[in-house]
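Chain residues, written in single-letter form:
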Amino acid sequence: MQIEKVKKLSNLQILAYWIKERESIRLKKEQGLPKPWTDDETLQKYRFCNVRRMDDKVSRWFLDNWFEPYFDHPNMLLACVMGRNFNRPEALAEVTNLIFCKGPPKLGLILDKLRKIKNSGSCIFGGAYMIRGTANEDKAKMVLYRVVKPMLSNPPAMDRTSMQRCVESLLTYWGFRPFLAGQVVADYRWAVKGSFEDRDTWAPLGPGSLRGINKLHGRLCAQPLPQDQFVTELNELIGLAKPLIPVSVTNRMEAMDWQNCLCEFDKYTRIFEKLGHPKQKYPGV
């Protein structure tokens, strides 16, 4: 759809349109069809996450290389924590055997290996998340010894019946805020046995989803929102948006996916509202 037509839609219709068009792009790309995969100039030009987070490149790597081969491994929670903090498959592949080993992960050896990778000129951190740290602190050491190590001596109580309670458990540890904790638990849900009964109804509020849900409700984008209100409004949104989107798409989506789509919806609309644009461009033509 041409951008001038998109602008005439309601915000709810734009969100539904974005979900349908982004998923269509993914399917065409995976089928090997030639570019362009869309006539939407914005989706051609800029990089956006997939509708379903587990279809994203890094998440797919985790699923194929960690979650399925090492399903329900005793070190899986720590792997998920390290995974989303570093978020760099090329580096994590080099320490996989030091994480999924007999006994606790070998933090000293992991740190040595990551430092060697960094010193060789390669990146060991992805750019998707803002990881807490200080200018004078070795970031890799900080993740391993200030975030991961406390969980070895005092493991979180992860209630595998609830996404929400797992996130709340992680929030008692240093280095976790709701969005990052939510991303870790969204991975953990695919990597261990558990019912996670609220996976279709609960997601943590993040900076992008805050802007997106506020925009849908006509509020200032930065207006604070309590977590409980966000969950209520998220479920209301899902109910309103589902009839506008094919079942083949919505049947694959969990609440975390809807939360992520709110972030991408905000990013998408800010472009044609001339309020900014994504850092990463995409060769979609």
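Up top is the structure these notes are about.
Only a predicted model underlies this, so the values are computations on that prediction, with no experimental measurement involved. (Residues numbered from 1 in each chain as written. Predicted model: local features only at pLDDT ≥ 70, side-chain atom pairs only at ≥ 80, totals over all residues. Heavy atoms only, no water.)

Draft legend 1. Quick peek at the overall build of the protein. Counting its regular elements, the protein contains 15 helices and zero strands. In terms of C-alpha radius of gyration, the protein reaches 19 Å, essentially the compact-globule figure of 19 Å for 285 residues. Considering only C-alpha atoms, the protein reaches an extent of 55 × 40 × 35 Å along its principal axes. For the protein, buried positions account for 51% of its 285 residues. Summing over all exposed atoms, the protein offers an accessible surface of approximately 14,100 Å²; the carbon and sulfur share of this is 53%. Across the protein, 44 positive and 31 negative side-chain charges occur, with their mean positions spaced 6 Å apart. (Helix = DSSP H or I, 4+ residues; strand = E, 2+ residues; numbered from the N terminus. Rg over C-alpha atoms; globule rule 2.2 N^0.38 Å. Buried < 20%, exposed > 50% of the residue type's maximum accessible area, 1.4 Å probe, protein only. Areas by Shrake-Rupley, 256 points an atom, 1.4 Å probe, with all protein chains shown as cover. Lys, Arg positive; Asp, Glu negative; His and termini not counted. Charge placed at Lys NZ, Arg CZ, Asp CG, Glu CD.)

Draft legend 2. Broad picture of the environment of glycine 276. Relative to the helices and strands, glycine 276 is located in the segment after α15 (255-272). Classification of glycine 276 by relative accessible area gives partly exposed; the value is 29%. Here glycine 276 is in contact with Arg270 and Ile271, once residues within four sequence places are set aside. (Contact = heavy atoms within 4.5 Å.)

Draft legend 3. Structural detail: the nonpolar core. Ile19, Phe86, Phe176 and Tyr268 are the most contacted members of the largest nonpolar core, which totals 89 residues. Here this core gets nine residues from one element, more than from any other, and that element is α15. In this structure isoleucine 19 touches Val51, Ile245, Val249, Met253, Trp258 and Cys261, once residues within four positions along its chain are discounted. (Core = buried A, V, L, I, M, F, W, Y, C linked by side-chain atoms within 4.5 Å.)

Draft legend 4. Representation of a positive patch on the surface. Residues Lys29, Lys35, Arg47 and Lys57 make up a contiguous surface patch of positive charge. Residue position: lysine 35 is located in the loop between α2 (11-30) and α3 (41-45). In this structure lysine 35 comes out as partly exposed when scored by relative accessible area, which is 39%. (Patch = residues over 30% accessible without salt bridge, like charges linked within 9 Å, V, L, I, M, F, W, Y side chains within 5 Å. Salt bridge = Lys/Arg side-chain N within 4 Å of Asp/Glu carboxyl O.)

Draft legend 5. Seen up close, the packing of helix α10 (residues 163-170) against helix α11 (residues 178-191). The contact between α10 and α11 brings their axes to 9 Å, and the two run at 130°. Considering the angle they form, α10 stands oblique to α11. For the element pair α10 and α11, the recorded crossing hand is right-handed. Contacts between α10 and α11 involve Met163, Cys166, Val167 and Leu170 on the former and, on the latter, Pro178, Ala181, Gly182, Val184, Val185, Ala186 and Arg189. (Axes fitted to C-alpha atoms, helices over the stretch in contact; angles between N-to-C directions. Parallel < 35°, antiparallel > 145°, perpendicular 65-115°, else oblique. Left-handed = near helix turned anticlockwise from the far one by under 90°.)

Draft legend 6. Geometry of the packing of aromatic side chains. As enumerated under the stated definition, the model contains 12 aromatic pairs in all. A centroid spacing of 4.2 Å and a plane angle of 5° characterise the contact between tyrosine 70 and phenylalanine 100, whose relative ring orientation is stacked. One end of the pair, tyrosine 70, is in the loop between α4 (57-67) and α5 (76-86); the other, phenylalanine 100, is in the loop between α7 (96-99) and α8 (107-119), and 30 residues separate them in sequence. What makes tyrosine 70 partly exposed here is its relative accessible area of 28%. Taking the centre distance of 6.2 Å and the plane angle of 85° together, the rings of tyrosine 188 and phenylalanine 196 count as edge-to-face. The two residues tyrosine 188 and phenylalanine 196 agree in class, both being buried. A network of ring pairs unites the aromatic residues Trp61, Phe62, Trp66, Phe67, Tyr70 and Phe100 as a single cluster. (Phe/Tyr/Trp six-rings, centres within 6.5 Å; stacked < 30°, edge-to-face > 60°.)

Draft legend 7. Representation of empty space enclosed by the protein in the model. Counted according to the given criterion, the structure contains one cavity of 30 Å³ or more. In this structure, the largest cavity encloses a volume near 70 Å³. Where the lining of the largest cavity is concerned, the elements lending two or more residues are α11 and α15. (1 Å grid on protein atoms, 1.4 Å probe; cavity = no way out; pocket = protein on both sides within 12 Å on 5 of 7 lines; lining within 4 Å. Points joined across faces, edges and corners; volume = space filled by probe spheres on them.)

Draft legend 8. Quick look at helix α12 (residues 207-216). Counting buried positions along α12 gives seven out of 10 residues, so the element sits mostly inside the fold. Considering only its buried residues, α12 is in contact with α2, α13 (227-241) and α15. Immediately beyond the C-terminal end of α12, within one or two residues, lies glycine 218, with a positive phi of roughly 70°.

Draft legend 9. Main features of the layout of surface pockets. Its volume calculated, the second largest pocket comes out at about 160 Å³. As for the second largest pocket, its lining consists of 14 residues, of which Pro74, Asn75, Leu77, Leu78 and Pro155 are closest to the centre. Contributing elements (two or more residues each) for the lining of the second largest pocket: α5 and α9 (139-153). Ranked by the residues each element gives to the lining of the second largest pocket, the list is headed by α5, at three residues.

Draft legend 10. Molecular detail of the environment of glutamine 44. Here glutamine 44 shows up in helix α3. Overall, the relative accessible area of 17% leaves glutamine 44 in the buried class. Sequence spacing of glutamine 44 and tyrosine 282 is 238 residues, and the spatial spacing of their C-alpha atoms is 6.6 Å.

Draft legend 11. The pattern of salt bridges, seen in detail. The tally for this structure, following the rule as stated, stands at 23 salt bridges. The shortest N-O distance in the salt bridge between arginine 189 and glutamate 254 comes to 2.7 Å. Note that arginine 189 is positioned in helix α11 and glutamate 254 in the loop between α14 (247-250) and α15, a separation of 65 residues in sequence. We note that arginine 189, like glutamate 254, is buried.

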